[in-house]
There are 2 protein chains.
Amino acid sequence: MGKNMLIAQSGGPTAAINASLSGAVQQARCSGQIGKVYGARFGVEGILKGNIVDLDGCLRSEEDFHVLECTPSMALGSCRYKLPAPGEDGEVYRRLLQALHEYEIGYFFYIGGNDSMDTVAKLSRYFAEQGEDIKVAGVPKTIDNDLAETDHSPGFGSAAKFIATAVQEIIRDASVYDTRSVTIVEIMGRDAGWLTASSALARDEHTGAPHLIYLPEVPFSVADFLGDVERLHKEVKNVVVAVSEGVRTADGRYAAESYQSGVVDTFGHRYLSGVGKYLENMVRHNIGCKVRSVELNVLQRAAAHVLSATDIDEARGVGQAAVRFALEGKTGFVAVIRRASQEPYEASYDCAPIERIANVARNVPPEWITPERNDVTGEMLRYLEPLILGEVRFPTERGLPKHFLLRA
Amino acid sequence: MGKNMLIAQSGGPTAAINASLSGAVQQARCSGQIGKVYGARFGVEGILKGNIVDLDGCLRSEEDFHVLECTPSMALGSCRYKLPAPGEDGEVYRRLLQALHEYEIGYFFYIGGNDSMDTVAKLSRYFAEQGEDIKVAGVPKTIDNDLAETDHSPGFGSAAKFIATAVQEIIRDASVYDTRSVTIVEIMGRDAGWLTASSALARDEHTGAPHLIYLPEVPFSVADFLGDVERLHKEVKNVVVAVSEGVRTADGRYAAESYQSGVVDTFGHRYLSGVGKYLENMVRHNIGCKVRSVELNVLQRAAAHVLSATDIDEARGVGQAAVRFALEGKTGFVAVIRRASQEPYEASYDCAPIERIANVARNVPPEWITPERNDVTGEMLRYLEPLILGEVRFPTERGLPKHFLLRA
């Protein structure tokens, strides 16, 4: 038997990150080259606090892995901890190394977004400098789809599928009465518009909704928005708008920010809410029509009851690939997804140097946004379409999805 | 062949109301006693406007019916029209009767909530007074579950299942970090707490969440709420609260109302938002901890991607039963669901006089709320549990649920 493996999860939750955990653990087991498999609770903080569990004891049957793969959020818990530079705080690195020695770890996998990949980059450099034979690898995840080097990020496909499903249902709901209305759907994505773009997948020829899509990559103008809505409101009975929570005005401020600084309660407390509610108020006061806003909120990253089978297969696959590459002797890399073929869609796994991913964000390319800057192009749709394909039959108990709960 | 049938939908959308439409149309066809089947668009307003479609032409195959049953909102559209008393506006009744004569209607079915049942009551009385042989019946639907006479309302089970599923996912999401937090979930139900109570179905022994449940049947006190949250915040790492959008203070005002009248923007516009956002702000300012609110919003009534098979079977069943009873010669009734057996759960269909349902609302009984008035009892859970059982495999197209769209 080889050395032991440690795995942890970090950053914001997604519905697919546990499938990567499942894939990595399964691959470690079937490789026959890894000793025990440990999990750190709440990211690297768990390593520092000695909060480490024996995953071999928790994941026994095939059903355990299936339930884990269909459980949203992180089974191991997460953290938002940013590792200091080794020069700044060498003590943290020594403590991490000590913990890894204690558990005889030869392989460390960190599933996370671009902030978490910074941890992978720093650790792999530090171990190399210290002459430690500990392979360190990143496994990508983020609903935001803003990681470089990978065609798309595990977790994004399921979030996009939930958004398209929800927007399609909101379109049905919005057109139920024989009266004119405007519906605004606020979608996650502070900097990248991939999730908001996914709302376009809900579009049918019958209604043409969503009619307007505003991404954070385009400077947002409230006046242009009101102009777009007013024009469409005359042509279309039920206007549906998708807007990113991250849209900013030309001066770089979040669209709702200037407005909200002026919204206070009787105690003088600033009243916080999202851009959807802000634009709803704007439409009501300026156009005066029936208007509603819907914030899809945390379900976008947590709705494991609408998993994309493509996404879950790839999330598992990228976890497996990371372990395979590490066993081949690679370190300081991130396992990534390549689009091997578009029709029929096919993915393959590769590894990319960690430096090209850590702290880099990938936005929607300008050419995938229409010249009017309020919609996405057909090329964007072709990119998105395969990622939401396939349904996952999740296990249920008493009429609800069954979740994996780590009791350690 | 007998006379023709007309069917329409009314009130707020649900994910199950199209299953009742499907059941009624299927029963009419297989009875062999009904001629043509027509649908009025946008409720009784469609009859007045001559907006009537031939449903035989739209629903041809078994697949058509299956797609229809899995489509949220109303395939025929809806209205919020209240029929005047015959003494007030006899002209409306004459026009309705004329339209029904024109289409040779012998059976009129109206699927809706307690406001819509008022229309059924008035029309059946009017036709009887006029000596018209037109059978009129109501088919119940409402996510609010506040209809009298029926054990529960079609549409409620699927909404309850979505709420429990979403709350369970929000609980996973809320406990991902190793830090204390409060999460508030705002749930629909202006007057009745059935939907908010359904959040209790998401409770697991591990987290105990949702920890607090506030129904509109109980006068709401912001001070008590803050006391409950502050106490729990010390005991439980991640507190999850379910609150009805309709909670009112002892003076009868919506909880957020007094606060919001003092929330204005720089233009002096009143800023509207829900009770969840209001309580989030209250917790932030008074307890000062990490807090988030989630409004489940229209997905509660539109999320046909989480249908309860029990609910859809019963929604179809109650539509079929209404047609059967009308063909037996009954009129002025509502088809209702009886709980024939609790274990194993079994439902049967019956008819109830329309007068006992129209304009009557059924709230959560006080004995199903705990003495502390911030949770529901085991008896409530036993009532709710069977209603969310079973999953519906909806048809999909390009990774999304396939919806029935009436192109007429």
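Remember, it's a predicted structure, so these values are computed and weren't measured experimentally.

About the criteria used
- Residues numbered from 1 in each chain as written.
- Chains lettered and ligands numbered in written order.
- Predicted model: local features only at pLDDT ≥ 70, side-chain atom pairs only at ≥ 80, totals over all residues.
- Heavy atoms only, no water.
- Helix = DSSP H or I, 4+ residues; strand = E, 2+ residues; numbered from the N terminus.
- Rg over C-alpha atoms; globule rule 2.2 N^0.38 Å.
- Buried < 20%, exposed > 50% of the residue type's maximum accessible area, 1.4 Å probe, protein only.
- Contact = heavy atoms within 4.5 Å.
- Areas by Shrake-Rupley, 256 points an atom, 1.4 Å probe, with all protein chains shown as cover.
- Lys, Arg positive; Asp, Glu negative; His and termini not counted.
- Charge placed at Lys NZ, Arg CZ, Asp CG, Glu CD.
- Polar contact = N/O pair within 3.5 Å; in protein donor to acceptor, adjacent residues only side chain to side chain.
- Axes fitted to C-alpha atoms, helices over the stretch in contact; angles between N-to-C directions.
- Parallel < 35°, antiparallel > 145°, perpendicular 65-115°, else oblique.
- Buried area = accessible area lost by both parts, 1.4 Å probe.
- Salt bridge = Lys/Arg side-chain N within 4 Å of Asp/Glu carboxyl O.
- Nonpolar A, V, L, I, M, F, W, Y, C, P; charged D, E, K, R; others polar.
- Least-squares fit on C-alpha atoms with pLDDT ≥ 70 in both.
- 1 Å grid on protein atoms, 1.4 Å probe; cavity = no way out; pocket = protein on both sides within 12 Å on 5 of 7 lines; lining within 4 Å.
- Points joined across faces, edges and corners; volume = space filled by probe spheres on them.
- Expected span 1.5 Å × (residues − 1).
- Core = buried A, V, L, I, M, F, W, Y, C linked by side-chain atoms within 4.5 Å.

**Some details on the overall build of chain A**
Item 1. Secondary structure assignment for chain A yields 14 helices and 13 strands.
Item 2. Its C-alpha radius of gyration of 23 Å places chain A within 12% of the 22 Å reference for a compact globule of 408 residues.
Item 3. Seen through its principal axes, chain A has C-alpha atoms that stretch 70 × 45 × 40 Å.
Item 4. For chain A, the proportion of its 408 residues judged to be buried stands at 64%.
Item 5. Across chain A, the fraction of contacts at a sequence separation of at least 24, relative to all contacts at a separation of at least 6, is 76%.
Item 6. For chain A, the computed accessible surface area is about 14500 Å², with 46% contributed by carbon and sulfur atoms.
Item 7. One finds the centroid of the 43 positive side-chain charges in chain A at a distance of 3 Å from the centroid of its 54 negative side-chain charges.

**Description of the side chain of Q9(B)**
All names here are of chain B.
Item 1. Within the element layout of this structure, Q9 appears in strand β1 (residues 4-9).
Item 2. By relative accessible area, Q9 is classed as buried at 0%.
Item 3. At 3.0 Å, the side chain of Q9 and the side chain of N18 are in polar contact.
Item 4. A distance of 3.0 Å separates a polar atom in the side chain of Q9 from the backbone nitrogen of L76.
Item 5. Excluding residues within four positions of it along the chain, Q9 makes contact with I17, N18, L21, G43, M74, A75, L76, G77, S78, C79, Y110 and I111.

**What about the packing of helix α1 (residues 17-31) of chain B against helix α4 (residues 62-69) of chain B?**
Residues and elements named next belong to chain B.
Item 1. In contact at an axis separation of 7 Å, α1 and α4 are set at 150° when each is read in the N-to-C sense. By the angle between their axes, α1 is roughly antiparallel relative to α4. Note on element contacts: α4 touches α1 through F65, L68 and E69, opposite N18, A19, L21, S22, V25, Q26 and R29.

**Focus on the interface of chain A and chain B**
Think of interface size as the accessible area that goes away when the parts come together; that is how it is often given.
Item 1. Taken together, the contact between chain A and chain B spans 78 residues of the former and 78 residues of the latter.
Item 2. Of the roughly 6500 Å² buried between chain A and chain B, counting both surfaces, carbon and sulfur atoms make up 57%.
Item 3. The interface formed by chain A and chain B includes 4 salt bridges.
Item 4. Notably, a salt bridge pairs K49(B) with D178(A), separated by 3.6 Å at the nearest N-O pair.
Item 5. Counting across the chain A and chain B interface gives 28 residue pairs in polar contact (both at pLDDT 80 or more).
Item 6. When residues of the side of chain A that touches chain B are traced back to their parent elements, those giving at least two are α7 (156-174), α10 (257-260), α11 (275-286), β9 (291-295), α12 (299-302) and β13 (400-401) of chain A.
Item 7. Class assignment for the residues of the side of chain A that touches chain B results in 33 nonpolar, 23 polar and 22 charged.

**Description of the pattern of salt bridges**
Item 1. Applying the stated rule across the entire model yields 50 salt bridges over all chains.
Item 2. Two residues, R190(A) and E245(A), come together in a salt bridge whose shortest N-O distance is 3.9 Å. One end of the pair, R190(A), is in the loop between β6 (181-187) and α8 (194-198); the other, E245(A), is in the loop between β8 (238-244) and α10, and 55 residues separate them in sequence.
Item 3. Of the residues examined, R190(A) reaches a relative accessible area of 39% and is grouped as partly exposed.
Item 4. Salt bridges sharing partners connect three or more residues here, namely K49(A), D178(B) and K237(B).

**Thoughts on the relation of the copies chain A and chain B**
Item 1. For the pair chain A and chain B, the superposition axis carries a translation of 0.0 Å, the fit reaches an RMSD of 0.0 Å, and the rotation angle comes to 180°. Here the transformation between the copies is reduced to the relation of a two-fold axis.
Item 2. With an isologous cut-off of 70% or more, the 100% of interface residues of chain A that recur at the interface of chain B puts this contact in the isologous class.

**Notes on empty space enclosed by the protein**
Item 1. Within the structure shown, the criterion is met by 3 cavities of 30 Å³ or more.
Item 2. What lines the second largest cavity is simply V294(A), E295(A), L296(A), L299(A), V294(B), E295(B), L296(B), N297(B) and L299(B).
Item 3. Where the lining of the second largest cavity is concerned, the elements lending two or more residues are β9 of chain A together with β9 (291-295) of chain B.
Item 4. Partitioning the lining of the second largest cavity into residue classes produces 6 nonpolar, 1 polar and 2 charged.

**Some details on α11(A)**
Item 1. For α11(A), built from 12 residues, the straight-helix expectation of 16 Å at 1.5 Å per residue is met to within 8% by its first-to-last C-alpha distance of 16 Å.
Item 2. Within two residues after α11(A), G288(A) carries a phi angle of roughly 75°, on the positive side.

**Digging into the packing of helix α5 (residues 90-102) of chain B against helix α6 (residues 114-129) of chain B**
Residue and element names in this part refer to chain B.
Item 1. It is at 11 Å that the axes of α5 and α6 come closest, and there the two elements cross at 75°. Taken together, the axis directions place α5 and α6 in an arrangement best described as roughly perpendicular. Where α5 abuts α6, its residues Y93, R94, L96, L97 and L100 lie against K122, L123, Y126 and F127.

**Overview of the nonpolar core**
Item 1. Residues L296(A), M380(A), L296(B) and M380(B) are the most contacted members of the largest nonpolar core, which totals 90 residues.
Item 2. What L296(B) contacts, discounting residues up to four positions off in sequence, is L299(A), I163(B), A166(B), I170(B), V185(B), E186(B) and I187(B).

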